[in-house]
Amino acid sequence: MQKGIRNLFLKKLDKHHHETYLHSLRVGKYVKEIAWREGNYDPLTINDVADMGKLHDIGKLCVTPELLNQKSITSHQFKLIKRHVRVGYDLLRRDLPIAACGAGKHHPDYAVKSYPNGLTKAEKESIALYMPVVVICDFYDALMTRNNDAFKEIDKTKRDQVGSLLTDRFPDNERRI
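In this text, all values refer to a predicted model and were calculated from it rather than measured experimentally.

K.L.:
Quick question: what am I supposed to make of the packing of aromatic side chains here?
P.N.:
Working definition: an aromatic ring pair is given by the centre-to-centre distance plus the angle between the planes. Per the stated rule, a full pass over the model turns up two aromatic pairs. Ring centres of F78 and Y110 lie 6.5 Å apart, and the angle between their planes is 90°; this geometry places the pair in the edge-to-face category. Here the residue F78 occupies a position in helix α5 (residues 75-92), and Y110 occupies one in the loop between α6 (97-105) and α7 (121-145), the gap between them amounting to 32 residues. What makes F78 partly exposed here is its relative accessible area of 39%.

K.L.:
Just checking my understanding: could you explain the nonpolar core for this structure?
P.N.:
Within soluble globular proteins, side chains that are nonpolar tend to cluster in buried spots. With 20 residues, the main nonpolar core has V31, M52, I127, Y130 and C137 as its most contacted residues. Looking at this core, the element that brings in the most residues is α7, giving eight residues. L10, L13, Y21 and L92 belong to the second largest nonpolar core, which has 15 residues in total.

K.L.:
Just to check I follow, could you spell out the pattern of salt bridges for this structure?
P.N.:
Evaluation of the coordinates by the stated rule reveals eight salt bridges. The residue D51 makes a salt bridge to R6 at a minimum N-O spacing of 3.2 Å. Taken together, the residues D51 in helix α3 (residues 46-54) and R6 in helix α1 (residues 2-16) connect sequence positions 45 residues apart. Taken individually, D51 and R6 each receive the classification buried, so the pair is uniform in this respect. Here R93 ties to D90 by a salt bridge, and the two come within 3.7 Å at their closest N and O atoms. Overall, D90 belongs to the partly exposed group, its relative accessible area being 36%.

K.L.:
Got a minute to help me understand the environment of H56 in this structure?
P.N.:
Take H56: it is sitting in the loop between α3 and α4 (65-69). H56 gets classed as buried once you look at its relative accessible area, which sits at 0%. Between the C-alpha atom of H56 and that of C101, which follows or precedes it by 45 residues, the distance is 8.1 Å. A polar contact of 3.1 Å, which involves the side chain of H56, links it to the side chain of D138.

K.L.:
It is not clear to me how α5 should be interpreted in this structure. Could you clarify?
P.N.:
Turn by turn, an α-helix covers 3.6 residues, leaving residues three or four places apart pointing in a common direction. The first and last C-alpha atoms of α5 sit 27 Å apart over 18 residues, in line with the 26 Å expected at 1.5 Å per residue. The largest bend along α5 measures about 25° and falls at R86. Along α5, the positions that sit buried rather than exposed are Q77, I81, H84, V85, G88, Y89 and L92. Elements that come into contact with the buried residues of α5 comprise α1, α4 and α6.

K.L.:
Would you mind going over the packing of α3 against α6 with me for this structure?
P.N.:
Axes are the key here: two packed helices are described by the angle between their axes and the distance separating the axes. With their axes 7 Å apart at the nearest point, α3 and α6 run at an angle of 35° to one another. The two elements α3 and α6 cross, and the hand of that crossing is right-handed. Of the residues in α6, those in contact with D48, D51 and M52 of α3 are I98, A99 and G102. When the residues that make up the contact of α3 with α6 are grouped by side-chain class, the tally is three nonpolar, one polar and two charged.

Scoring rules and cut-offs
- Residues numbered from 1 in each chain as written.
- Predicted model: local features only at pLDDT ≥ 70, side-chain atom pairs only at ≥ 80, totals over all residues.
- Heavy atoms only, no water.
- Phe/Tyr/Trp six-rings, centres within 6.5 Å; stacked < 30°, edge-to-face > 60°.
- Helix = DSSP H or I, 4+ residues; strand = E, 2+ residues; numbered from the N terminus.
- Buried < 20%, exposed > 50% of the residue type's maximum accessible area, 1.4 Å probe, protein only.
- Core = buried A, V, L, I, M, F, W, Y, C linked by side-chain atoms within 4.5 Å.
- Salt bridge = Lys/Arg side-chain N within 4 Å of Asp/Glu carboxyl O.
- Polar contact = N/O pair within 3.5 Å; in protein donor to acceptor, adjacent residues only side chain to side chain.
- Expected span 1.5 Å × (residues − 1).
- Bend = angle between axes of the 7 residues up to and from the residue.
- Contact = heavy atoms within 4.5 Å.
- Axes fitted to C-alpha atoms, helices over the stretch in contact; angles between N-to-C directions.
- Left-handed = near helix turned anticlockwise from the far one by under 90°.
- Nonpolar A, V, L, I, M, F, W, Y, C, P; charged D, E, K, R; others polar.

Spelled out as C-alpha cells, the structure:
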C-alpha cells in the first residue's frame, strides 16, 4: 500500500513540475546508494530511506510551476516556496511517516521539529542519522543541475566541497554522483 501511495505522489509531482520530479528521483537515488553502502539504516528499510529523498520536495505541489521556474525570486516568493516543507510533511505524515520526515526536515533552517505519531524511538534515531544525508544530497543535486541566480553565487570550490562530503561518505562511488 505504501508503494502505491508513494507512486501516486510521485506521479502528481511529475505532472505538476517535471524538473522537481527528476530532482527528487535523483536525491532518492543518492540517499539510497549511501544507505546501501553504509548498511546502517536498521530498523528502516532501504526503501524507507530512499523515500525520504524521493518525496522530500512533495510539498512543492503547493507552489505554482511558474514560480518554480523563475530564475530570480523576491523575498515574498521565497516565503511561499518555504511553505513546501510543512505542506510536504502534512501530506505524508499519516500514510508515509518516515518519508514525511524527509519532507519536513530537509531544510534545517525551517524544519518541522516534531515526528509523526507511531514512529518508534529506533526509527526516529535512524531517521536522524539519515536526515543530513537527505539535506546534503538535495543541496548537491541542486548545485549540479540548476542554473539560477542563487546557485551562480556559489563558486566551484564550494560545489566541490559538497561533492567531497558525499564522496567522503562513500569514496568508491565518486564517479556515480
